[in-house]
Amino acid sequence: MAHHLSALDALRGAPFTKAHATGNDFVMFADPDGTRHITPEVVKALCDRHLGVGGDGLIRAVPVRHVAEARDIAAADEDLSAHGGEDLWFMDYWNADGTVAEMCGNGVRAFAHFLVSEDLVQLEEEEQLPVVTRAGARTVRRVPEGYAIGMGIWSFLDPELASSNASDSLVIAQGLTDPRPALSISMGNPHTVVALSAEQALEDLDLNQAPQVDPVPPDGTNVEFVVPADPLVVDGEGQVRLRVHERGVGETLSCGTGACAAAAAVRVWAAEDGVDTWTVQVPGGRLRVRFLSRADGAEDVELSGPAENVYRGTII
Ligand SMILES: N[C@@H](CCC[C@H](N)C(=O)O)C(=O)O
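Not measured: the values here are computed from a predicted model.

(A) The arrangement of the overall build of the protein in detail. Scanning the protein from terminus to terminus reveals six helices and 19 strands. A globule of 316 residues ought to have a C-alpha radius of gyration of about 20 Å, and the protein, at 19 Å, matches this closely. Taking all 316 residues of the protein together, 52% fall into the buried category. Long-range pairs, those at least 24 residues apart, make up 67% of the contacts in the protein between residues at least 6 apart in sequence.

(B) Just the packing of aromatic side chains, in detail. Applying the stated rule across the entire model yields four aromatic pairs. For the ring pair F26 and Y93, a centre distance of 6.3 Å and an interplane angle of 80 degrees mean the geometry is edge-to-face. With a gap of 67 residues between them, F26 in strand β2 (residues 24-30) and Y93 in strand β4 (residues 89-95) connect regions that are remote in the sequence. Residues F26 and Y93 agree in their burial class; the two are buried. When the ring of W154 is compared with that of F156, the centres are 5.2 Å apart and the planes differ by 80 degrees; the resulting orientation is edge-to-face. For F156, a relative accessible area of 13% translates into the label buried.

(C) Examining the pattern of salt bridges more closely. For the structure shown, the criterion picks out 21 salt bridges. One salt bridge connects D9 with R12, and the closest N-O pair in it is separated by 2.3 Å. Since its relative accessible area comes to 39%, D9 is described here as partly exposed. When the shortest N-O distance is used, the salt bridge between E251 and R243 registers 2.8 Å. By relative accessible area, which is 34% here, E251 ends up partly exposed. The buried category is assigned to R243, whose relative accessible area is 13%. Among the charged side chains, a network of salt bridges with common partners joins D31, R60, E69, D92 and R134.

(D) Main features of the site of the ligand. Around the ligand, the surrounding shell holds 15 residues, and the nearest of these are N24, G105, E246, G256 and T257. Contact between the ligand and N95: an oxygen atom at 2.9 Å from a side-chain N or O atom of the residue. Note that an oxygen atom of the ligand is positioned 2.9 Å from one of the backbone N or O atoms of N106. Elements with a minimum of two residues in the shell around the ligand: β4, α4 (105-117) and α6 (256-269). Across the shell around the ligand, the residue classes tally to five nonpolar, eight polar and two charged.

What counts and what doesn't
Residues numbered from 1 in each chain as written. Predicted model: local features only at pLDDT ≥ 70, side-chain atom pairs only at ≥ 80, totals over all residues. Heavy atoms only, no water. Helix = DSSP H or I, 4+ residues; strand = E, 2+ residues; numbered from the N terminus. Rg over C-alpha atoms; globule rule 2.2 N^0.38 Å. Buried < 20%, exposed > 50% of the residue type's maximum accessible area, 1.4 Å probe, protein only. Contact = heavy atoms within 4.5 Å. Phe/Tyr/Trp six-rings, centres within 6.5 Å; stacked < 30°, edge-to-face > 60°. Salt bridge = Lys/Arg side-chain N within 4 Å of Asp/Glu carboxyl O. Near = heavy atom within 4 Å. Polar contact = N/O pair within 3.5 Å; in protein donor to acceptor, adjacent residues only side chain to side chain. Nonpolar A, V, L, I, M, F, W, Y, C, P; charged D, E, K, R; others polar.

As structure tokens, then:
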């Protein structure tokens, strides 16, 4: 691919893969020796849909031992040390605007699929593969629809809300007539979830402009607009539809951490904490979210869905 941006000089000759997970698309690099120099300029150039490869983000797969922040994350987690430590793979995830994010749920599925298809890991049925992200350890296993990711626990972004559970902010977006109450949830990265009462309201949103959140969480936020199905629970499973405006990207066809946050928020609002399995319909497909109780009272979240490689190329 010809490119006029000198930002890409450092990656000349580097092979890449274009991948997506429910339409959330990524430029993927394998960096087994830790020699690929990724900068915000490189990310912006490659993710540009006109002048670059195009993508919502860039993911570099690099062994933990080559990245100081990944070594610190792995060293702080006894379980990780016991399961490969510095030999594990680190998902170096970047948003299209050149910022890094703590976590990307669709990204972990695309990352796992990339590692498997590049023969960088073996992942047998029933096996659990630990990987390292900026938000800490995550696990991957194969399932019939693709990959299931152990996403860690969900929490309220504002811990004061643990008892009131209603809303912590107001959101205004193009296409909404009034500011709407919203609830902010952490999935390792920040999310602000807004409920809409009708599918038409979801379709009427114009997410070309970033929604305004008041107050804005300290590190910014991804904003999910969600319509709970009516009835909400069918055969024991909750159902919601979702559109998302991602921090550092804009509207995307899917957000894995956003799907988990949206299911968590709707489950709280509807007082349906007995409903553990949720289907989240996003513009790019369907995701499955499961909540699993832990002994300490927190809940782990599992996200499953597909991931595909689309093409391979070389930076020239
Ligand atoms: N699309 C991702 C989330 C990517 C990071 C996000 N834009 C942020 O800045 O937090 C997902 O699938 O979770």
